[in-house]
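# Remarks on the overall topology
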Amino acid sequence: MSVEAQQGIATPRIPAGLGGLLPALILIGLFFVVPVLALLLRSVTDPAPGLQNYAALLGDGTYARVFFNTFLVAFVVTIVTVLVAFPVAWMLAIMPPAFASILFGIIILSMWTNLLTRTYAWMVLLQRTGVINRALMGAGIIDQPLPLINNLTGVTIGMVYIMLPFMILPLVGTLRAIDPMTLRAAALCGAGPLAAFRRILLPLSLPGIAAGGLMVFVMSLGYFVTPALLGGTSNMMLAEMIAQMIQSLLNWGLGSAAAFILLVVTMALYALQLRLVGARRRAGGA
Amino acid sequence: MKLIFAGIVAGLMATTAAKADEMVFTSWGGTTQEAQTKSWAEPFTAGSGIKVLQDGPTDYGKLKAMVDAKNVTWDVVDVEMDFAIKAAKDGLLEPIDFAVVPKDDLDPRFSNENAVGSFYYSFVLAWNKGAVSGEPASWADMFDTKKFPGKRTFYKWSAPGVIEIALLADGVPADKLYPLDLDRAFKKLDTIKSDIVWWGGGAESQQLIASGEAAFGQLWNGRVFALEKDGADVGVSWNQNLTAADVLVVPKGAKNKDAAMKFLAAATSPTGQAKFAEASGYAPINTKAKAEMPADVVKGLPDAHVDGQINLDLNYWAEHRDEIATRWYAWQAK
Amino acid sequence: MLLDYDRLGWLKAALLAFTALVAAFLLLPVVFIVLLSFGSSRWLAFPPPGWTLKWYQELFADPSWIEAALTSARIATMTAILAVAIGLLASFALVRGQFRGREVLRGLLLTPMVLPVVVFAIAIYAFFLRLGLGGTTVGFVVAHTVLALPFAIIPTATALEGFDKSIEDAAIVCGASPLQAKLRITLPSIRIGIFSAAIFSFLASWDEVVVAIFMASPTLQTLPVKIWGSLRSDLTPVIAAASSLLVALTLALMIVTALLRRKLQT
């Protein structure tokens, strides 16, 4: 029995906790599901009833290529972000508060500058005649400018930059919640640092990694601005392609169909991720 | 009873009168819209008393959505001409009231039943003098990586211009450009694809050339004009320049149609066009505007470079907009 | 031992060095933009040929930039408050609730993050047009709250999951009401989560450009929309100046908060 029940405190007869979901469900139901479904319906009615839009997309090599590229970029960005964010979050979790505040401040400051402006700054920084290449050539490290922009490298750099705070902050929360005693106990039992990391720190920080990773991956799938400015046209991503269909070609049937396919695939991946992470969490005992 | 009735009537008249006193003008933002506001909206308000509210940026998806929902908040919109032709076909635009908007002096290349010209421009070949040795003279030179090595920049979106450039560079005579041989154009573009850096907006094109990131490119003449004024070391060739235009349209169901038509008359007047041309470097679409402009500005206009000038066929583009776009984006994504 | 800052040994130096690199990486574009805002060249060239204050002068001479920033701030603040409130309630339900279909509902609440934003923008715009909410602040905030909600739910739910409920239960046993226990024990413990939720929600609205274009009206122009319009047609360092001002503002706010906190603690 819940503590409230034990104390004899009366709770209303809604399935436990569902009430808290009501505002969220109303908001999403009314202002998201309804309008979006109305638009997605056009994928099978515009310009004529039927599944032609889907046939056109799935049979078309371009869409498949863009689709694959989008998931590839999202995947790469997520992995790189996790790898870069983990050490930083680790430090943030255990640093003396004075240092931690400064580091937090830097992270938040980097998020505050407008997204478009930041991305434009990266454009100028990464160009062949940009600061980074000129500095590297000036220092004699390279003699030909590196192609850092209009390709996967540029997109990755730009997007990791934007995603880092979204990964670092949740991870810090999780790491801070880990009791240092567990690691001390492990050390006492003779575990070396590598073993302690692999078998205690890493598994305990998985919820934070999963939460941050999910946000970053999903955001990267739908991202528009940064890939458009820093990527080449040969690594066009879905969001840009769908925007073209909707705003330039005014073909809402095709655009909605493309968006619907993306939605379905992502939800399927999400369900899969739930199975994997959720099962482990249940086995680990929360 | 009579008093209440009078009150209601007065109230109704007040609200409808208030509505008639304003309209919404939408354009692309930035200094172009500022110039349009100064040259057209402000004199218009001073003369007619109708307030002009600025909105933007122009978004074709938003335009279609508001017409579909029959709740149109834009009265006059600046759009690309090939879009305007397609939009008219799709039933998204009001016909222009030529009883209010004088038609005679308008350049016939750039107006039709549902659109009047806003301004027109040419695509020209521009290059960064420091990054290039020698002087490119024609579009074919843009495809000659041996004589002119370096990155080239072209307009990113599916729009009139790049395809024609590729065909001209491949030797197609100007009068045989249409119908466009897309396969031939893409094959030609493939020869330099790895050296292409795309520009998506006017400012980007200027940035690329001015910084030397791209040695040369296809730019809007107004942009090159601004670069030269700023003292940037750029060269320009008007040979084979390609004209295209922006136009002003009234969305179907616009709430202040009468005010919109009056605004169009002001915007396309010789004075309005002259003022805007001076401020922006773009060309007027009213043939009488040149008479009101200083001589040195007239020299920089596309009108002064009609030798070898090619008019992009915007009607052709409107007809085939979708199929060209599909192929264009597919080619870019390869 | 791995979580003891002083006992890390060589690992500490390595981690600190890496962290310093990342901090530099995070600051690089920001510093760059501030420097550019003082450069005399119209083009974003670095190093600039000279230094000037004229971009700031231009910025202050044009009230529409400041108006746009204020509009953005207003909408983002309302969005953050709404999103965090709704998100907090939802997180409690999702983490503690004992009904079936919890994970499905959680997935549903995350879909605004998945759907390409332009599809949502058109959909909500058309919907609002029919309701007469197009171009209104209310509509704007509602649309942005939908987008921000997943960003509010994920950090709070994660923090709540990591929180040991027995402390809260102990407080109830000691006589606190469930609400009091939550307010005085649970919420403070998950404050990093709530803080992250607030920041992410605020920024989701502050930086958002696509929906903002659709929700815009002559009186409702947000900063990203103005920058978007400017970037397309004229790239001048005025944008850099606007961004630098905001950075300076944030820095000032952060320093003031830190000083205040120190004062309150002593």
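Residues numbered from 1 in each chain as written. Chains lettered and ligands numbered in written order. Predicted model: local features only at pLDDT ≥ 70, side-chain atom pairs only at ≥ 80, totals over all residues. Heavy atoms only, no water.

### Observations concerning the overall build of chain A
- When its secondary structure is counted, chain A shows 13 helices and 0 strands.
- Ordering the α and β elements of chain A from the N terminus gives α-α-α-α-α-α-α-α-α-α-α-α-α.
- Taking the principal axes of its C-alpha atoms as reference, chain A extends roughly 70 × 65 × 30 Å.
- Taken across its 286 residues, chain A has 55% of its residues classed as buried.
- Within chain A, contacts between residues at least 6 apart in sequence are counted, and of these 73% link residues at least 24 apart.
- Within the structure as shown, chain A displays about 12,100 Å² of accessible surface, and the carbon and sulfur contribution to it stands at 71%. (Helix = DSSP H or I, 4+ residues; strand = E, 2+ residues; numbered from the N terminus. Buried < 20%, exposed > 50% of the residue type's maximum accessible area, 1.4 Å probe, protein only. Contact = heavy atoms within 4.5 Å. Areas by Shrake-Rupley, 256 points an atom, 1.4 Å probe, with all protein chains shown as cover.)

### Points about a nonpolar patch on the surface
Residue and element names in this part refer to chain C.
- On the surface, a cluster of nonpolar side chains totalling about 480 Å² of accessible area is made up of Val31, Leu35, Phe38, Trp51 and Leu53.
- When you line up the elements, valine 31 lands in helix H1 (residues 10–37).
- Given the relative accessible area of 44%, valine 31 is considered partly exposed. (Patch = residues over 30% accessible without salt bridge, like charges linked within 9 Å, V, L, I, M, F, W, Y side chains within 5 Å. Salt bridge = Lys/Arg side-chain N within 4 Å of Asp/Glu carboxyl O.)

### A short note on the interface of chain C and chain A
- Listed per partner, the contact involves 92 residues of chain C and 94 residues of chain A.
- Carbon and sulfur atoms make up 84% of the surface buried where chain C meets chain A, a total of about 9,000 Å² over both sides.
- Three residues stand out in chain C for area buried against chain A, namely C:Leu2, C:Leu3 and C:Leu26, and they jointly supply 9% of the buried area on that side.
- The shortest N-O distance in the salt bridge between C:Asp207 and A:Arg118 comes to 3.4 Å. (Buried area = accessible area lost by both parts, 1.4 Å probe.)

### Looking at helix H3 (residues 52–59) of chain A
Residues and elements named next belong to chain A.
- All of the buried residues along H3 are Asn53, Tyr54 and Leu57. The arc that holds every buried residue of H3, seen down its axis, measures 95°, which confines them to one face. Away from its buried face, by an angle of more than 90 degrees, H3 presents the exposed residues Ala55 and Gly59. (Arc of directions from axis to C-beta.)

### Some words on the interface of chain A and chain B
- Across the contact, 22 residues belong to chain A and 28 residues belong to chain B.
- Of all residues in chain A, A:Thr233, A:Leu249 and A:Leu250 give up the largest surface area on contact with chain B, accounting jointly for 27% of the area buried on that side.
- If you look at where chain A meets chain B, you find 2 salt bridges.
- The partner of B:Asp68 in a salt bridge is A:Arg42, with the nearest N and O atoms 3.8 Å apart.
- For the pair chain A and chain B, the number of links is 5 residue pairs in polar contact (both at pLDDT 80 or more).
- With 5 residues, the top contributor of residues to the side of chain A that touches chain B is helix H12 (residues 238–248) of chain A. (Polar contact = N/O pair within 3.5 Å; in protein donor to acceptor, adjacent residues only side chain to side chain.)

### Details of the confidence of the model for chain A
- Mean pLDDT over chain A: 82, with 91% of residues reaching 70 or higher.
- Per-element confidence in chain A is highest for helix H4 (residues 61–94) of chain A, whose mean pLDDT is 91, and lowest for helix H1 (residues 3–6) of chain A, whose mean pLDDT is 62. (pLDDT = per-residue confidence, 0-100.)

### Section: the nonpolar core
- Within the largest apolar cluster, 307 residues are counted, with the highest numbers of intra-cluster contacts made by A:Trp90, B:Ile163, B:Phe263 and C:Phe120.
- Tallying contributions element by element places H4(A) first for this core, with 18 residues.
- Contact partners of B:Phe263, with chain neighbours within four places excluded, come to B:Met23, B:Phe25, B:Trp40, B:Ala41, B:Phe44, B:Val52 and B:Val76.
- Residues B:Val124, B:Ile209, B:Trp238 and C:Trp43 belong to the second largest nonpolar core, which totals 9 residues. (Core = buried A, V, L, I, M, F, W, Y, C linked by side-chain atoms within 4.5 Å.)

### A short note on the pairing of strand S3 (residues 76–80) of chain B
Residues and elements named next belong to chain B.
- Along S3, 4 of the 5 residues are buried, which leaves the element largely enclosed by surrounding structure.
- Bridge count between strand S1 (residues 22–26) and S3: 2 bridges; the pairing is parallel. Among the inter-strand pairings, threonine 26 is bridged to a residue of S3, identified as valine 77.
- Summarising the sheet, S3 and strand S8 (residues 234–249) pair through 4 bridges and their orientation is antiparallel. When the sheet's bridge partners are listed, aspartate 78 is paired in S8 with leucine 248. (Pairing = 2+ DSSP bridges.)

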